[in-house]
Amino acid sequence: MAISFIGEKANNMFTCTTHSPEETEGLAELVGKRIREGTVLCLVGDLGAGKTLFVKSLARTLGVEGSVTSPTFNLMHVYDGICPIYHFDLYRLKREEELDEIGFYEYTENAQDSEGLVIIEWPDKFPSCMPKDYVEVRIVQTGETERALTFSSVGTYYDKFVKELEAFVHLGH
C-alpha cells in the first residue's frame, strides 16, 4: 500500500493520501485494527468521496459479514461484528428535529461508555447536534482515484487516539 502523508501535522490531526479505492480500503482496515469501542467517527465528504467505501472496509475488519451499505434511505443501520456498529447517514434529513425521531441522541450522547461504535456520514448537515467529542475523517477527492483523508480529534477526548492512530497508520503501510 502506498499511502502517503501530506500537509502539516497538528497535535490532533494528520492527513493521508490514497491513490486508489483499494488503498482507501486498506487505510480503513488499519483504522479498524485500532479503533476502540465507544468511538464516534464522523465522515465528511462530497457525494462519491468514498465515505461508504471507508465504512464497508472498516466494518469488514471488525467482523461484519453481511452486506454493508449506506443507510441513506433507512437513515441508520446496525451491524454486528466484534462490537455493534451504529451507522447513520444524515444526508436526507432536513431538520434537526428528525435526529430525535431516528433515535440519534440515544447512540451519541453516551457513546464513549458504550460497547459499540457510532459512525455518522454527513455530520456537517447538523454540526451543532454532534457530540462534544468525536473523530472526524474528512475525505476529499483530489484526483480521479486519489483521496486525501484527514483524521482529526474534535474536542479533546480522542486526542490520544488520533495520535496513536497516526503512528499506527504511518507504520502500517
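Within every chain, residues take consecutive numbers counted from 1 along the sequence as written. Restriction of local features to residues with pLDDT of at least 70 applies here, the model being predicted, together with a cutoff of 80 or more for giving and counting side-chain atom pairs; totals for whole chains, interfaces and linings are based on all residues. Only hydrogens and water are removed before side-chain values are computed, so all heavy atoms of the structure are retained for them.

Trainee: Outline the overall build of the protein, supporting the account with residue identities and numerical values.
Mentor: Helix and strand counts for the protein come out as 5 helices and 8 strands. Note on conventions: DSSP H or I runs of at least 4 residues are helices, E runs of at least 2 residues are strands, and numbering of each starts at the N terminus. Each helix and strand of the protein, placed in order from N terminus to C terminus, yields the pattern β-β-α-β-α-β-β-α-α-β-β-β-α. Buried positions account for 51% of the 173 residues belonging to the protein. Note on contacts: a residue pair is in contact if any heavy atoms of the two residues lie within 4.5 Å. Of the contacts made within the protein by residues no fewer than 6 positions apart, 61% connect residues no fewer than 24 positions apart. Entry remark: accessible area of the protein is about 8500 Å², with carbon and sulfur atoms responsible for 47%. Accessibility here uses a 1.4 Å probe with only protein chains present; expressed as a share of the type maximum, an area under 20% marks a residue as buried, one over 50% as exposed, and anything in between as partly exposed. Surface accessibility follows the Shrake-Rupley procedure with a 1.4 Å probe radius. Residue values consider only the protein chains on display as shielding.

Trainee: Go over helix H2 (residues 51–61) with me, naming the residues and quoting the values.
Mentor: Residues Lys51, Thr52, Phe54, Val55, Ser57, Leu58 and Ala59 constitute the buried set of H2. The elements touched by buried residues of H2 are helix H1 (21–34), strand S3 (40–44), strand S5 (85–89), strand S6 (117–121), strand S7 (134–141) and strand S8 (147–154). Among the residues trailing H2, Gly63 stands out with phi positive, at a value near 90 degrees.

Trainee: Now, about the nonpolar core: what can you tell me, with residues and values included?
Mentor: Definition of nonpolar core: a set of buried residues of the types Ala, Val, Leu, Ile, Met, Phe, Trp, Tyr and Cys, connected through side-chain atoms within 4.5 Å. The biggest cluster of nonpolar side chains holds 51 residues, and the ones touching the most others in it are Phe54, Leu90, Ile120 and Phe151. Residues in contact with Ile120, not counting those within four places in the same chain, are Val40, Leu41, Cys42, Leu43, Phe88, Leu90, Phe104, Thr108 and Met130.

Trainee: Got a sec to walk through the environment of Leu117? Specific residues and values, please.
Mentor: If you trace the backbone, Leu117 turns up in strand S6. For Leu117, a relative accessible area of 1% corresponds to the buried category.

Trainee: Explain a negative patch on the surface to me, and be specific about the residues and the numbers.
Mentor: The grouping of Asp100, Glu101, Glu106 and Glu109 at the surface amounts to a negative patch. Looking at the secondary structure, you find Glu109 in the loop between helix H4 (104–108) and S6. Residues enter patches when their relative accessible area tops 30% and they take part in no salt bridge; the joining distance is 9 Å for like charges and 5 Å for the nonpolar side chains Val, Leu, Ile, Met, Phe, Trp and Tyr. By definition, a salt bridge exists where a carboxyl oxygen of Asp or Glu is found within 4 Å of a side-chain nitrogen of Lys or Arg. The sign given to each residue is positive for Lys and Arg and negative for Asp and Glu; His and the chain ends receive no count. Charge placement uses NZ in Lys and CZ in Arg. For Asp and Glu, CG and CD serve respectively.

Trainee: Tell me about the pairing of S6, residues and numbers included.
Mentor: The element S6 is extensively covered by neighbouring structure, given that 5 of its 5 residues are classed as buried. Neither face of S6 is exposed, since Leu117, Ile119 and Glu121 on one face and Val118 and Ile120 on the opposite face are all buried. Should DSSP find at least two bridges between two strands, the strands are taken to pair. For S3 and S6, the ladder comprises 4 bridges, and the chain directions are parallel. Residue pairing for S6: Leu41 is matched across the bridge by Ile119. Sheet analysis places S5 next to S6, joined by 5 bridges and oriented parallel. Its bridge partner being in S6, His87 is matched across the sheet by Ile119.

Trainee: Mind laying out the packing of aromatic side chains, listing which residues take part and the relevant values?
Mentor: Two rings from Phe, Tyr or Trp (for Trp, the six-membered ring) form a pair when their centres sit within 6.5 Å of each other. Planes less than 30 degrees apart are called stacked, planes more than 60 degrees apart edge-to-face, and all others tilted. Overall, the coordinates contain 8 aromatic pairs when judged by the stated rule. Measuring from ring centre to ring centre gives 5.1 Å for Phe88 and Phe104, while their planes differ by 75 degrees; the resulting arrangement is edge-to-face. With Phe88 in strand S5 and Phe104 in helix H4, this residue pair connects regions lying 16 residues apart in the sequence. Pair check on accessibility: Phe88 and Phe104 agree, each one buried. Members of the aromatic cluster, joined through ring pairs, are Tyr86, Phe88, Phe104, Tyr105 and Tyr107. Whether a charge lies above a ring is judged from NZ of Lys or CZ of Arg, which has to be within 6 Å of the ring centre and within 35 degrees of the ring normal. Over the face of the ring belonging to Phe168 we find Arg34, whose NZ or CZ atom lies 4.8 Å from the ring centre. In this arrangement the basic side chain of Lys125 is found over the ring face of Tyr91, its NZ or CZ atom lying 6.0 Å from the centre.

Trainee: Summarise the pairing of S5; cite the residues concerned and give the values.
Mentor: Counting buried positions along S5 gives 5 out of 5 residues, so the element sits mostly inside the fold. On S5, burial covers both faces: Ile85, His87 and Asp89 on one face and Tyr86 and Phe88 on the other are all buried. When strand S4 (residues 76–79) meets S5, the two strands line up antiparallel, connected through 4 bridges. Looking at the pairing, His77 lines up with His87 of S5. Taken together, S4 and the strand that follows it, S5, pair antiparallel across an intervening segment of 5 residues.

Geometry only, nothing functional implied.
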